[in-house]
Amino acid sequence: MSYSSKVIAQLEERYADQPEFIQAAKEVLTTIQPALDAHPEFEKAALLERLVEPERTVMFRVPWIDDAGNVQVNRGYRIEFNSAIGPYKGGLRLHPTVNLSILKFLGFEQIFKNSLTTLPMGGGKGGSDFNPKGKSDREIMAFCQSFMTELARHIGPNTDVPAGDIGTGAREIGYMFGQYKRLRNEWTGVLTGKGLTFGGSLARTEATGYGAVYFLTHMLAEKNDSLAGKTVCISGSGNVATYAAQKAQQLGATVVTVSDSSGYVYDPDGIDVELLKDVKEVRRARIMEYADARSSATFFPGERPWGQKCDIAMPCATQNELELADVQKLVANGTKYVVEGANMPTTLEATNYLIEKGVFFAPGKAANAGGVAVSGLEMSQNAEHLSWTFEEVDSKLQGIMESIYTAASEAAATYGHPGNLVFGANIAGFLKVANAMMAQGVC
């Protein structure tokens, strides 16, 4: 039995109740075996056994009072997974589906994503089963202040630097930052995704979506192709989807779909990004209101967009949204590229099918690393008490995404899987962390 298979079997026995984490671990460990074969010292040092266990898992209650005067209690988490190459870095997700399995999967993925950025950041993740939808600003503030009252004990600019994620936008980050500052009596860059008036970075909102498209341009260039004239299907309608659509259309593509949990809209004239922002960011409404306001658009309730014909598919919503039946439709319709804008949006079965059928596939830990990359740049600006222009940050983002593509492509070729960016991204991200762990001894 291979080293990776042995560790996977141990995980399946120990964490049978954590399917998302097991899925993420399998996806990584099964692809890094060529690197493990080249470095037998890793097994002797039980490196994988250490890598798959978080350095620290914090769980706590979050009591807060709603507008009716009732006490509510949620569960809070912070998974500090690996700090071999830098302080823990990863978002805070506020969503009713949040549990230990999901946060461990996200934190584990974050290790390799952060490694690929070339910036000194470890991997972590956190959040709560609190649902911000339908809550007043005062209720959001009450929750965030209670959440940060405990979280503040465990984070710091050189220890753990959380960021936003699903359900955690500028409003929530602002409330959390204010509470941390109040508790610690100091202004530090302990959170990223902050408002521009108190240490945030220009281009952070756009970074994940823009970065995914920049990564895609290198994939296209590999095939002597470009975005000009391409049709793109995107899922989701948050920051990642919105700004992926914006950048893709700036570079000559036509984005024809966006979605939310209620269904998707198809707009053959191309998604009107300003209208999408108005519906989702200003009105905080359902995606059907986009179709109501635009005659060229059609709303498909309860469906995913993958039955529409497109050259490029970009799943930008949530984990496991792209299943085998979905990718079979994409392949049948001639899709040539799939780029993950979300974290693990494609099931293992679907990923394998796409690769088998010759679809050029970009895994999320590489393609959607732009967000955390600019978070790292925000940390640098805070540490230096500087503020860079949008153009400066965007230029650095483009350089980082190019380096990620190059590292993944070269690692894939070196370890016997040329053109397979899943193998390449996992191996490139893993080796940097593994070498740091080996240098630091058993800890």
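About the thresholds
- Residues numbered from 1 in each chain as written.
- Predicted model: local features only at pLDDT ≥ 70, side-chain atom pairs only at ≥ 80, totals over all residues.
- Heavy atoms only, no water.
- UniProt positions renumbered as here; feature names shortened; annotations may be inferred.
- 1 Å grid on protein atoms, 1.4 Å probe; cavity = no way out; pocket = protein on both sides within 12 Å on 5 of 7 lines; lining within 4 Å.
- Points joined across faces, edges and corners; volume = space filled by probe spheres on them.
- Helix = DSSP H or I, 4+ residues; strand = E, 2+ residues; numbered from the N terminus.
- Nonpolar A, V, L, I, M, F, W, Y, C, P; charged D, E, K, R; others polar.
- Buried < 20%, exposed > 50% of the residue type's maximum accessible area, 1.4 Å probe, protein only.
- Contact = heavy atoms within 4.5 Å.
- Salt bridge = Lys/Arg side-chain N within 4 Å of Asp/Glu carboxyl O.

Looking at an unreviewed UniProt entry, the protein carries the name Glutamate dehydrogenase, with the source organism given as Lancefieldella parvula. In UniProt, the protein has this text filed under Sequence similarities (unreviewed entry): "Belongs to the Glu/Leu/Phe/Val dehydrogenases family."

There is about 270 Å³ of room inside the second largest pocket. If you go around the second largest pocket, you meet 15 residues; those closest to its centre are P157, N158, M379, S380 and A383. It is helix α16 (residues 370–384) that contributes the most residues to the lining of the second largest pocket, five residues altogether. Taken together, the residues of the lining of the second largest pocket sort by class into eight nonpolar, seven polar and no charged.

Here we come to the environment of A436. Mapped onto the secondary structure, A436 falls in helix α18 (residues 421–439). Take A436: its relative accessible area is 15%, and that puts it in the buried class. The spacing of A436 and I85 is 351 residues in sequence and 6.4 Å in space, taken between C-alpha atoms. Beyond its immediate chain neighbours, meaning those up to four positions away, A436 contacts A84 and I85.

It is worth spelling out the pattern of salt bridges at this point. Side chains that carry opposite charge are capable of pairing whenever their charged atoms lie near each other. Overall, the coordinates contain 24 salt bridges when judged by the stated rule. In this structure, the salt-bridge partner of E43 is K6, at a minimum N-O distance of 3.2 Å. Of this pair, E43 sits in helix α4 (residues 41–44) while K6 sits in helix α1 (residues 3–14), placing them 37 residues apart in sequence. One salt bridge in this structure joins R304 and D326, with 2.9 Å as the shortest N-O distance. Of this pair, R304 sits in the loop between β9 (298–301) and β10 (312–315) while D326 sits in helix α13 (residues 324–332); the two residues are 22 residues apart in sequence, bridging distant segments of the chain. Given a relative accessible area of 38%, R304 falls into the partly exposed group. Because the salt bridges share partners, they merge into one network encompassing E27, E109 and K365.

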